[in-house]
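An overview of the molecular structure
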Amino acid sequence: MRRTILAALTAMLAFGGIAHAQNFPSRPITIVVPFAAGGPSDVMARILAERMKTTLGETVLIENVTGAGGSIGVGRALRSSPDGYTISFGHLGTHVANGAVYKLGYDLVTDLEPVVLLPSNPMIVVSKNAIPAKSLKELIAWLKERGAPAATGTAGAGSGSHIAGLYFENATGIKLQYVPYRGTGPAMNDLVAGQIDVMFDQLSNSINQVRAGKIRGYAVTDTKRADSAPDIPTTDEAGLPGFHMTLWSGLWVPKGTPKDIVAKLNTAAVDALNDAAVRTQLEKLGLAKPPKDRLSPQALGDWQKAEIAKWWPMIKAANVKVD
Ligand code: MLT
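Residues numbered from 1 in each chain as written. Predicted model: local features only at pLDDT ≥ 70, side-chain atom pairs only at ≥ 80, totals over all residues. Heavy atoms only, no water.

Topic: helix 4 (residues 93-101)
Across the 9 residues of helix 4, 9 count as buried, placing the element largely inside the fold. Within the sequence span of helix 4, burial applies to Gly93, Thr94, His95, Val96, Ala97, Asn98, Gly99, Ala100 and Val101. Considering only its buried residues, helix 4 is in contact with helix 3 (71-78), strand 3 (86-91), strand 4 (112-128), helix 6 (160-172), strand 9 (246-254) and helix 12 (297-317). (Buried < 20%, exposed > 50% of the residue type's maximum accessible area, 1.4 Å probe, protein only. Helix = DSSP H or I, 4+ residues; strand = E, 2+ residues; numbered from the N terminus. Contact = heavy atoms within 4.5 Å.)

Considering the domain arrangement of the protein chain
Domain annotation for the protein chain reports domain 1 (2-121 + 247-317) and domain 2 (122-238). Of note, the centres of domain 1 and domain 2, computed from C-alpha atoms alone, are 28 Å apart. On the domain 2 side, the residues contacting the 27 residues of domain 1 number 25 residues. For the domain 1 and domain 2 pair, buried surface summed over both sides reaches about 1,900 Å², with 63% attributable to carbon and sulfur atoms. Counting across the interface, domain 1 meets domain 2 through 0 salt bridges. Counting across the domain 1 and domain 2 interface gives 7 residue pairs in polar contact (both at pLDDT 80 or more). Of all the secondary structure elements, the ones that give two or more residues to the side of domain 1 that touches domain 2 are helix 2 (40-56), helix 4, helix 11 (276-284) and helix 12. Sort the elements by how many residues they give to the side of domain 1 that touches domain 2 and helix 4 lands first, with 5 residues. (Domains from an automatic or database assignment. Buried area = accessible area lost by both parts, 1.4 Å probe. Salt bridge = Lys/Arg side-chain N within 4 Å of Asp/Glu carboxyl O. Polar contact = N/O pair within 3.5 Å; in protein donor to acceptor, adjacent residues only side chain to side chain.)

Some words on the pairing of strand 9
Most of strand 9 is tucked away: 8 of the 9 residues are buried. Bridging between strand 3 and strand 9 involves 4 bridges; their strand directions are antiparallel. In the strand pairing of strand 9, phenylalanine 89 is matched with leucine 251. Pairing analysis gives 8 bridges linking strand 4 to strand 9, with the strands arranged antiparallel. Directly across from valine 116, in strand 9, lies its bridge partner leucine 251. (Pairing = 2+ DSSP bridges.)

What follows is the structure, given as structure tokens:
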């Protein structure tokens, strides 16, 4: 008798899940972007959300939940109901580095289900126009000759721009003063205004300001020049060989979200990445779509784990103090 009841309960739960997935989505979906509007994460999320609506047949909203290097927003998303209606947008900073900087109160691997790897871009070393350097070598000399550390804008401890700064300090022995913002959108405003000295920023966030001559671009952290910025040398060419960093983004949902729902969200994101208009928008920002064989949920999960193994030792060795 007990076995029959148990079997019936299991079937009901499974059926409920299947019915749930079959009806999904039946109301708007929210993507939580853990940085301020106008920054690279927000811009990419909005481009993708607009096209994901077509596949999902429901509105896809963006909610900016900022603070603590993105960890506030990730925590909000992963504590939501595992029903597919709340998605966590994040990247190398929020879904890898944060775990080495903060006592998060959640686990970036076991408390999240990976959905899809999103486009990536190299970082770019940029400065305010007032700095009298015309090359990366001259910028490094200028930074070394200064008395006080130069101010570098970041999206908070553990953000991508912060990790890139730590990596630059490691590579050059130069000390930096980190100025945290709620995203690199607001930080860029202060760089253009000359309020801060440098940034180690996502190319997608800096490229238009560099093109407009509002800030100076020195080098991209890649082994080849960006198609969208062919006049900007690589760090290898510019005198900082091996200083390579790719900032990739992704989507996750709370652990326990039904696999069929994860698959539907993955399909909607992949449809967006394959859409010609979306690809043009992303390529103009220097964002490269992942190859087809890296677009499964499992591929993002494996990549995230590999990146944790790669970056945590350097970040932990930096002994970042967060208040
Ligand atoms: C970062 O530096 O982590 C991101 O570029 C921040 C953002 O997307 O605003």
